Amino acid sequence: MKSRNFVLTKLFKMTKIKIALIILCVLAIVPGVSAQSLEMYERDPYTYRQQLIDSLIQNMVKVDGGAFMLGVPIEDKEAFDWEKPAKEHIVNDFYICRYEVTQALWEVVVGVNPACFKIASHPIESVSYYDCLFFISCLNKLTHNKYNFRLPTEQEWEYAARGGKFSQCYKF
């Protein structure tokens, strides 16, 4: 909770100039960001933010639902007891992003970058579960709840990580 309050406090204390400077710094180190997009940001920060959000939406992948076994068989000697026994889970269709949330997107949506290793094109790190919920809340507000972003459930995450219905049941 302390981390969320920190983010909120920082967000409301920042002026437009500070936010513009932060985003300009982010633009300078994001691979693939052209001079044209930098000029576009300078002309219209809203359009730049919308472009990042549109990129996120375009990278969403539909995962067809299905049934899978979560856990391991009782006979598996290498597994922990809490992983046993394997149970069948049914997952409905859902969408998940191909890539992790970048620090650039986090900063554009929330207004601050809490990462320890600040590289705009890298995934966000050093955030709590509550920070992620706050980010999703801000993202849903920016998109007017059109997409209903949320964190995947444990079953959805595991199903997607295994390749969905195309899984070859690899052990990893």
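Residues numbered from 1 in each chain as written. Predicted model: local features only at pLDDT ≥ 70, side-chain atom pairs only at ≥ 80, totals over all residues. Heavy atoms only, no water.

**Regarding the pattern of salt bridges**
Throughout the structure, instances matching the rule amount to 3 salt bridges. With its nearest N and O atoms 3.6 Å apart, the salt bridge here joins D93 to K62. Of this pair, D93 sits in the loop between β3 (87–91) and β4 (94–97) while K62 sits in strand β1 (residues 60–63), placing them 31 residues apart in sequence. With a shortest N-O distance of 2.9 Å, R150 and E156 are connected by a salt bridge. A residue is classified by how much of its surface remains accessible, and R150, at 48% relative accessible area, is partly exposed. For E156, a relative accessible area of 10% corresponds to the buried category. (Salt bridge = Lys/Arg side-chain N within 4 Å of Asp/Glu carboxyl O. Helix = DSSP H or I, 4+ residues; strand = E, 2+ residues; numbered from the N terminus. Buried < 20%, exposed > 50% of the residue type's maximum accessible area, 1.4 Å probe, protein only.)

**Observations concerning a nonpolar patch on the surface**
On the surface, a cluster of nonpolar side chains totalling about 380 Å² of accessible area is made up of Y129, Y130, L133 and L151. By the element assignment, Y129 lies in helix α6 (residues 129–142). (Patch = residues over 30% accessible without salt bridge, like charges linked within 9 Å, V, L, I, M, F, W, Y side chains within 5 Å. Areas by Shrake-Rupley, 256 points an atom, 1.4 Å probe, with all protein chains shown as cover.)

**Remarks on the side chain of T143**
Relative to the helices and strands, T143 is located in the loop between α6 and α7 (154–161). What T143 contacts, discounting residues up to four positions off in sequence, is I53 and F149. (Contact = heavy atoms within 4.5 Å.)

**Quick word on the nonpolar core**
Grouped together as the largest cluster of nonpolar side chains are 15 residues, with contacts concentrated most on L105, V109, V110, F135 and L139. Among the secondary structure elements, those contributing two or more residues to this core are α4 (45–58), α5 (103–110) and α6. In terms of residue count, the dominant contributor to this core is α6 (5 residues). Leave out the neighbours within four places in its chain, and F135 touches V101, L105, W106, V109 and V110. Counting 7 residues, the second-largest nonpolar core is a separate cluster that includes F68, V91, F94 and I96. (Core = buried A, V, L, I, M, F, W, Y, C linked by side-chain atoms within 4.5 Å.)

**Focus: the packing of aromatic side chains**
All told, the structure shown has 5 aromatic pairs when counted by the stated rule. For the pair W106 and F135, a centre-to-centre distance of 4.7 Å together with 5 degrees between the ring planes defines the contact as stacked. Remark: F135 occurs in helix α6 and W106 occurs in helix α5; sequence separation between them is 29 residues. Judged on exposure class, the residue W106 and its partner F135 are both buried. Summarising the aromatic geometry, the rings of Y129 and Y130 are spaced 5.4 Å apart at their centres and angled 75 degrees between planes, so their arrangement reads as edge-to-face. Exposure remark for Y130: the relative accessible area of 43% places this residue in the partly exposed category. (Phe/Tyr/Trp six-rings, centres within 6.5 Å; stacked < 30°, edge-to-face > 60°.)

**Describing the packing of α4 against α5**
For the pair α4 and α5, interaxial distance at closest approach is 10 Å and the crossing angle is 125 degrees. With respect to α5, the element α4 is oriented oblique. In this structure, α4 crosses over α5, and the sense of that crossing is left-handed. Every residue of α5 that contacts α4 at Y48, R49, L52, I53 and L56 is listed here: A104, L105 and V108. (Axes fitted to C-alpha atoms, helices over the stretch in contact; angles between N-to-C directions. Parallel < 35°, antiparallel > 145°, perpendicular 65-115°, else oblique. Left-handed = near helix turned anticlockwise from the far one by under 90°.)

**With respect to the confidence of the model for the protein**
Per-chain confidence: the protein averages 76 in pLDDT, with 72% of residues scoring 70 or above. Mean pLDDT values over the elements of the protein span from 36, in helix α2 (residues 16–29), up to 94, in α6. A low-confidence stretch, residues 1–38 stays under pLDDT 50, and its non-local contacts, those more than four residues away or across chains, total 43 contacts. (pLDDT = per-residue confidence, 0-100.)

**Some points on unusual backbone geometry**
Phi is mostly negative for residues that are not glycine, and the peptide bonds are mostly trans. With omega at -15 degrees, the peptide bond leading from K84 into P85 counts as cis. With respect to the secondary-structure elements, P85 resides in the loop between β2 (66–70) and β3. Despite not being glycine, H144 shows a phi value in the positive range, around 55 degrees. Assignment of secondary structure puts H144 in the loop between α6 and α7. For H144, a relative accessible area of 68% translates into the label exposed. Phi angles above zero are rare outside glycine, and N145 is one such case at about 55 degrees. Here N145 is to be found in the loop between α6 and α7. You can call N145 exposed: its relative accessible area is 55%.

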